[in-house]
Each structure stands twice: as structure tokens, then as C-alpha cells.
Amino acid sequence: MRAVDVIMKKRDGGALSHDEIRFFVDGVTSGAWPDYQASALLMAIVLRGMTPDETARLTDAMVHSGIRVDLSRVPGLKVDKHSTGGVGDKTSLILAPVAAACGVPVPMMSGRGLGHTGGTLDKLEAIPGFRVGLSLEEFTAALVKTGCGMIGQTSQIAPADKKLYALRDVTGTVESIPLISASIMSKKIAEGIDALVLDVKTGSGAFMKTEADSRMLAQSLVSIGNASGVKTVALITDMESPLGRAVGNANEVAECIEVLRGGGPADLIEVTLELTKRVLVLGKVATSLEDAGRLAQQAISSGRALERFGQIIDMQGGDPRVIDDLSRLPHVDTQEIITAPRDGFLTRVDAELVGRASVQLGAGRDRVEDAVDFGVGIMVLAKPGAAVRRGDPIVEIFYRDRERLERARALLHQAIAVGDAPPPARRLILDEVH
Ligand code: URA
């Protein structure tokens, strides 16, 4: 079999056989397929698509590029949650301790920022000392002790995805339902979970901009998960404007701690609770969504979830004192405020532009090797629909470098719009796919 024949077959719209897909994935994993041929096939897949059967085979081949983690030492049904990526999308840092405090073990393998979206790993690393590079042994030990382990992708779990993800990021081949499905689900199936709750984002700040595409992605992810024995449900949630107020890294951690203390912004609480409720039902510690909602609320109001977050941080080498003292998180003192240009109603705070501004400040990366500045970020002070007067603060920018500030400011001016009438109300939870 020759790589060029497989590429040409897909280029011309053919469906790849099981053997051809395995040949590709094995070749990428071993290095036998050079990057230029792998990239050519990825682009052909973006343009020509894949059938559900090809997508399932691709996922399966990617799972088998590494090991499938055995978490049988960890008692209980193990449930993870994964988002397709958004801006201010910090629900994992709240959901994991709440679910663990309610008795559901959460093995969570997350990613770094991709494009304009933030990554859970970068946020966790904003906590001084926090290690996301645990060995599988340490990961299992953390799960047994605290009911939660939060790690990055290892070279043992779906290594084919590790290579393909990096190639896709720099070859314009991220936005593809079969490729996103195989990327997410190969990691999730390999991490040894029993069930999975997906947050499929839709809107300007998501990779899928329309609800129709997001629904197709959700259906693809859910059917792959269920077919491979991982009970999977997906919520489709709004990502037209950032979730919560904080966009960055340390400021997002602070906002999560605020929610775990019983406060925090309403939109973030709503999306996090809806996802958490499904985790508790799939983990069989709750019999209904209502029951699950009560358990989650109690875990927060009693302080158990916050305390659990401290234990998780401690177990992974971080400074647990951050939960009582937010000033221990990295921060910058230099700030600037963008104000409303006129009286009216805030009609837009565009998630993608805010995400890009945050990357410009240094909260994300332009290149893979770039270091993240955990202290910089953006606070969205007013949400779409708010009545505003000229000069009212809309967005606060925490910056370190003036040149970066200029670039971020230009994007943020484009991101906000004020009109004469409030925009139509948007629902946060748009659909559920089983
Ligand atoms: N998250 C992933 O893990 N993979 C993708 O392709 C997109 C988002």
C-alpha cells in the first residue's frame, strides 16, 4: 500500500477501507508517513469528509495507537467531561471537584489552548506548582485518593492524536467533524472511563459556528462513544459570547473558586450545573437530574466541593492555599478599561474576538513553543442585553506589555457593539444529544 494512493482516493471523494485507515494511523504514529503526506490526507478529509463508518474506524485506529488505561483499581463509575473548546470556558475546574465531592471519580485528560480557545491545562498550571504531567501511576493514585486526576495527553494515550493535533493546528485542518470526533473520542475512550458528558459549543467562539454543524458534531461524538462502550451524552451550549466574566488563566481559576465558594456569574453556574448533573446521573450517585442538582448544590453550599478542590490541587503539587487566598495566583497590576461608546443596549461581546485578544495579551500561544503568561487576561464586565450609558465600563484588560495591549484593544473594540434595542435573548443550553 502506498500513502499517495490513499491520499488520492480521499482527494477524489472515495471512502477509505479499514486497512487504509490503519495504514495511515500506524504510519503517523511510527513516523513512516512524513508530515507532508499526513497533512495532505488531513486536508483531503476536511474537504471530502468521512462516512460515520470511516470516522468510527479512524477513532478505533487512534485508540489502538497507544494503550487503553485500566482504571479498575478506582472504585465506582468513572465519568469525564470534555468541551469542544470555547472562550472563558472554565466549567471543568468547577465540575470536577463538585462531582468528586458527590462520589463520582473524574479522570480528566484535557488539552491546552487551541487557536483562540483556552485550555484547561493552561488554567491549572496558573496555580503555583500544579503538575499536569502525572505518570499513569500517579494519575490512578490521585483518583483513588481525591476522586479526581487532571492531566494532559501522554505519549501512551492516543499518541496518533498527539501528532495529528499538532499538525492540524498549523495546516488549517481543525474544523472537520470526523477529525474533531476522532481526536476527542480516541483520547476519551483510551483514558479508561465508563461514561462521558460532552459540552459541544456553538457560535462565534466555537469551532462549529452554526447550531446545525454543532448538532452533527454532537451526534458523531455520541454515537462513537456509545458504540465503543462509553456511555456518552452531549449538551449543545452557546458560545456566542464568553462564558462567565474571566478570560485568561489565573483570573479564570479565581472565578471558579468564586463559584465553589457559592458566588460567581449566573451563566457559568448554569452551564456548569447542567453538565455536572449529567455526570452525577451517569455516575449513578443520583437517580434523576433534579436529585443531581440538589446534590451538586449541597456540595457547593456545604464547602465540600471547595475543600475537595484544595485536596486535588495539593495532590498534584499545587499550592492549595489559593482556595482561601486568591492573591496567591499570578496577577498583573496594569489594567485598562474599554467603555461603552454610546448610550443603548450592549448587543454583542463576540467570543472569538475576545479569545483572540486574550491570546494577543499572552494568555494563549501564537506558536506551540510560546510560554503562557498566566497573570494577563480580560474581564467582561457587562453582558449582551445590558443597558449601558456612554462611558460605562464594558471590558477590563489586564496586560503586561503595551504593544500587546494595543493589539488586544483593537480586537476588543471590534468585539463589542451597542445598539438601540436589546438583542434577542439567547438560551445557554440549546439541546441535548443522547
Ligand atoms: N479538542 C480536541 O481534543 N480535538 C479537536 O480536534 C478539537 C478540540
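Just so we're clear, the structure is a prediction, and the values are computed from it rather than from any experiment. The residue numbering used here restarts from 1 in each chain and proceeds along that chain's sequence as written. With pLDDT at 70 or above as the cut-off, local features in this predicted model cover only qualifying residues; side-chain atom pairs require 80 or more to be listed or tallied, and sums for whole chains, interfaces and linings still use all residues. Derived side-chain values reflect all non-hydrogen atoms in the structure, with water molecules and hydrogen atoms excluded from consideration.

Asker: A description of the overall build of the protein chain should follow, citing residues and the corresponding values.
Answerer: Secondary structure counts use DSSP, requiring at least four H or I residues in a row for a helix and at least two E residues in a row for a strand, with both numbered from the N terminus. The helix and strand inventory of the protein chain stands at 16 helices and 13 strands. Over its C-alpha trace the protein chain gives a radius of gyration of 21 Å, about what one expects of a compact globule, namely 22 Å for 434 residues. Expressed as lengths along the three principal axes of its C-alpha atoms, the size of the protein chain is roughly 65 × 45 × 35 Å. With a 1.4 Å probe rolled over the protein chains alone, any residue whose accessible area is under 20% of its type maximum counts as buried; one over 50% counts as exposed, and the rest are partly exposed. Residue burial in the protein chain is summarised as follows: out of 434 residues, 58% are buried. The contact rule is simple, with two residues in contact once any of their heavy atoms fall within 4.5 Å. A fraction of 78% describes how many contacts in the protein chain between residues 6 or more apart in sequence connect residues 24 or more apart. To measure how exposed things are, a 1.4 Å probe is used in the Shrake-Rupley method; for residues, cover is taken only from the protein chains shown. Summed over its atoms, the accessible surface of the protein chain is roughly 17200 Å², and 51% of this surface lies on carbon and sulfur atoms. Between the centroid of the 50 positive side chains of the protein chain and the centroid of its 56 negative side chains there is a distance of 1 Å. With C-alpha atoms as the basis for the radius of gyration, the globule rule is written as 2.2 Å multiplied by the number of residues raised to the power 0.38. Neither His nor the chain termini are counted; the positive set is Lys and Arg, and the negative set is Asp and Glu. Note on charges: their place is set at NZ of Lys, CZ of Arg, CG of Asp or CD of Glu.

Asker: Requested: an account of the site of the ligand, with residues and values cited.
Answerer: We call a residue near a molecule or strand as soon as one heavy atom of that residue lies within 4 Å of the molecule or strand. The full set of residues close to the ligand is H82, T84, Y165, R168, I180, S183, I184 and K187. Contacts described as polar in this section are N or O atom pairs within 3.5 Å, which, within protein, must combine one atom able to donate a hydrogen with one able to accept it, while residues neighboring in sequence count only if both atoms come from side chains. S183 places a polar side-chain atom, nitrogen or oxygen, 2.7 Å from a nitrogen atom of the ligand. Taking K187, its side chain carries an N or O atom lying 2.5 Å from an oxygen atom of the ligand. Here the ligand loses 95% of its free accessible area of 240 Å² to cover by the protein chains. Contributions of two or more residues to the shell around the ligand are made by α8 (159-171) and α9 (177-190). Looking at the shell around the ligand element by element, the count peaks at 4 residues for α9. Put simply, Ala, Val, Leu, Ile, Met, Phe, Trp, Tyr, Cys and Pro go in the nonpolar bin, Asp, Glu, Lys and Arg in the charged bin, and everything else, Gly too, in the polar bin. Class assignment of the residues belonging to the shell around the ligand gives a composition of 3 nonpolar, 3 polar and 2 charged.

Asker: Please set out the environment of G86 residue by residue, giving values where relevant.
Answerer: By the secondary structure assignment, G86 is in the loop between β1 (79-83) and α5 (92-101). Residue classification places G86 among the buried residues on the basis of a relative accessible area of 1%. On a C-alpha basis, the gap between G86 and D161 in space is 20 Å, while along the polypeptide they are 75 residues apart. Among residues more than four places away in sequence, those in contact with G86 are T117, G118, G205 and M239.

Asker: Now, about the packing of α9 against helix α10 (residues 211-227): what can you tell me, with residues and values included?
Answerer: If you want to describe how two helices pack, look at the angle between their axes and the distance between the axes. One can describe the packing of α9 onto α10 by two numbers: an axis separation of 9 Å at closest approach and a directional angle of 35°. Considering the relative orientation of α9 and α10, their crossing is right-handed. Here α9 contributes I177, I180, S181, I184, M185 and I189 to the contact with α10, which in turn contributes D213, M216, L217, S220, L221, I224 and G225. Looking at the contact of α9 with α10 residue by residue, the class counts come to 9 nonpolar, 3 polar and 1 charged. Working convention: axes come from line fits to C-alpha atoms, limited for helices to the stretch in contact. Angles between N-to-C directions cover 0 to 180 degrees. A crossing counts as left-handed when the near helix is turned anticlockwise from the far one by less than a right angle, and as right-handed when that turn is clockwise.

Asker: Please set out the sheet that holds strand β4 (residues 195-202) residue by residue, giving values where relevant.
Answerer: In short, DSSP must find at least two bridges between two strands for them to pair. What the 4 strands build is an open sheet, ordered β1-β4-β5-β13; its pairing is mixed. Since the sheet does not close on itself, it has two edges, and those belong to β1 and β13 (429-433), each with one partner. Recorded for the sheet is a direction-independent mean angle of 15° between the axes of neighbouring strands. As judged from the 5 bridges shared by β1 and β4, these two strands associate in the parallel manner. Within β4, the residue paired with K81 across the bridge is V197. Each of β1, β4 and β5 (231-238) is contacted by α9, which is oriented at about 160° to β4, the strand it contacts most.

Asker: An account of the packing of α5 against helix α12 (residues 266-282) is requested, with residue identities and associated values reported.
Answerer: Two elements in contact, α5 and α12, have axes separated by 9 Å at closest approach and are oriented at 40°. Taken together, α5 and α12 sit at an angle that is classed as oblique. In the crossing of α5 with α12, the sense of the turn from one axis to the other is right-handed. Contacts between α5 and α12 involve I94, L95, V98 and A99 from the former and L268, T272, L275, T276, V279 and L280 from the latter. Across the contact of α5 with α12, the residue classes tally to 8 nonpolar, 2 polar and no charged. Should an angle fall under 35 degrees it is called roughly parallel, over 145 degrees roughly antiparallel, and 65 to 115 degrees roughly perpendicular, with every other angle called oblique.

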